[in-house]
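Observations on chain architecture
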Amino acid sequence: MQVLVTGGAGYIGSHAVKVLLSKGYEVIVVDNLATGHVEAVDDRAKLYIGDISDEVFMDKVFKENDIKGVIHFAAFSLVGESMTNPYKYYENNVSKTNKLLKSMVEHNVLNLVFSSTAATYGEPEKTPIYESDAQVPTNVYGQTKLAMEHMIKWYGSAHGLNNVALRYFNVAGALEDGSIGEAHNPETHLIPIILQVANNKRAKISIFGDDYPTKDKTCIRDYIHVLDLCEAHVLALEYLFNGNPSDNFNLGSGEGFSVLEMIEAARKVTGHPIPAEVAPRRAGDPAVLIANSDKARKVLGWVPTRENIEIMIRDAWCWEQNKRY
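About the criteria used
Residues numbered from 1 in each chain as written. Predicted model: local features only at pLDDT ≥ 70, side-chain atom pairs only at ≥ 80, totals over all residues. Heavy atoms only, no water. Core = buried A, V, L, I, M, F, W, Y, C linked by side-chain atoms within 4.5 Å. Buried < 20%, exposed > 50% of the residue type's maximum accessible area, 1.4 Å probe, protein only. Helix = DSSP H or I, 4+ residues; strand = E, 2+ residues; numbered from the N terminus. Contact = heavy atoms within 4.5 Å. pLDDT = per-residue confidence, 0-100. Pairing = 2+ DSSP bridges. Axes fitted to C-alpha atoms, helices over the stretch in contact; angles between N-to-C directions. Expected span 1.5 Å × (residues − 1). 1 Å grid on protein atoms, 1.4 Å probe; cavity = no way out; pocket = protein on both sides within 12 Å on 5 of 7 lines; lining within 4 Å. Points joined across faces, edges and corners; volume = space filled by probe spheres on them. Nonpolar A, V, L, I, M, F, W, Y, C, P; charged D, E, K, R; others polar. Phe/Tyr/Trp six-rings, centres within 6.5 Å; stacked < 30°, edge-to-face > 60°.

**So, the nonpolar core**
Core analysis: the biggest nonpolar cluster contains 45 residues, and I12, L20, V27, L166, Y168, V171 and L251 have the highest contact counts within it. Taken together, the elements giving at least two residues each to this core come down to strand 1 (2-6), helix 1 (11-22), strand 2 (26-31), strand 6 (162-168), helix 7 (226-241), strand 10 (247-251) and helix 9 (294-300). The dominant element in this core, judged by the number of residues it contributes, is helix 7, at 10 residues. Ignoring anything within four residues of it in the chain, the contact list for L251 reads L166, R167, Y168, F169, I224, L229, A232, H233, A291, S293, A296 and W302. Formed by 29 residues, the second largest nonpolar core is a distinct cluster that contains A172, Y223, F257 and A316.

See below:
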């Protein structure tokens, strides 16, 4: 069975391709390489380099393959950048997704798993966060993802597009052999930045704010291994293939770690001192984001096996020391 992965040359998308292939799916990748890397795409996948908003290009992709479902990762995802350049995020994330959905409907491809985010919840009133909790984003990135969720649901109502939105929390780790991993430019995610310090590529790690209402005054996040995350995407796709109704699910460990705790864990894994200093808060950063993912575990049968934070850091450290792109 053929599955299309948009953004399949990116960090999460390239790992999803590996997981899909391991389960016997034929994988079609579409990526414009704005942030992705050709080297990250498994040779067994069929790669099309182009943009999901190019209707002629997407018509070719759908006509040349017998695609039964789509996992949609293609999006910009930098919170800070979204706050300074909202046009870029609405244009890329919302407008281009609209074009993708149009192409899917035209070709009668009506199963979609969408990469959403915990950023749609904004500053939660309580933790852990449930799928039914209010979605009030505090940054443009989260707002565009919420707009995409709404748009997909309306396509479902109008055209029978079966869909699952997966709202995930902080993604970490890499393939165990270090062959693919997180490679953003610029890098803004905590764990790879910490590890760049350990690898002598940065002088220090900046802690953005030490005045949050948390146990050690730094932000708290829920971390999930990228491979566990990708397993959930495949389960969600199979959930749709089996005729189940559209739904949304949180993906997280249910446990929160502060920035200071993450730095200390990385010091333990790497054996490096990892200097740190406090910097001003970043706009749009909630104090605490922790998931309740019971629904995904119960309904999808999702069983994450790499929830130990040191395993995530260990795999990311292996990638950091052996980067190939």
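On we go from here.
**Brief notes about the confidence of the model for the protein**
Within the protein, residue pLDDT values average 96, and 100% of them lie at 70 or more. Mean pLDDT values for the elements of the protein range from 88 in strand 13 (residues 288-289) up to 99 in strand 1.

**A look at the sheet that holds strand 10**
Taken together, 7 strands build an open sheet; the order of strands is 3-2-1-4-5-6-10 and the sheet is parallel. For this open sheet the edge positions go to strand 3 (46-49) and strand 10, each flanked by a neighbour on one side alone. Put simply, the sheet's adjacent strands are angled 20° from each other on average, direction ignored.

**What to know about helix 1**
It helps to recall that an α-helix has 3.6 residues per turn; residues three or four apart then point in one direction. The end-to-end C-alpha distance of helix 1 is 17 Å, a good match for the 16 Å that 12 residues give at a rise of 1.5 Å each. Most of helix 1 sits out of view: 10 of its 12 residues are buried. Y11, I12, G13, S14, H15, A16, V17, V19, L20 and L21 are the residues of helix 1 that are buried. On its buried face, helix 1 sits against strand 1, strand 2, strand 4 (67-72), strand 6, strand 7 (170-172) and helix 7. Immediately beyond the C-terminal end of helix 1, within one or two residues, lies G24, with a positive phi of roughly 90°.

**Quick notes on the layout of surface pockets**
Empty space among the atoms becomes visible once a probe the size of a water molecule is rolled across them. Its boundaries defined by the atoms lining it, the second largest pocket holds a volume of some 150 Å³. For the second largest pocket, the full set of lining residues is Y121, E123, P124, E125, K126, I129, D133, A134 and V136. Looking at the lining of the second largest pocket residue by residue, the class counts come to 5 nonpolar, no polar and 4 charged.

**Observations regarding the packing of aromatic side chains**
Evaluated as defined, the whole model comprises 4 aromatic pairs. For the ring pair Y239 and F249, a centre distance of 5.9 Å and an interplane angle of 85° mean the geometry is edge-to-face. Of this pair, Y239 sits in helix 7 while F249 sits in strand 10, placing them 10 residues apart in sequence. F249 sits in the buried class, given a relative accessible area of 0%. Aromatic pair W319 and Y325: ring centres 4.9 Å apart, planes at 45°, arrangement tilted. Each member of the pair, W319 as well as Y325, is classed as buried.

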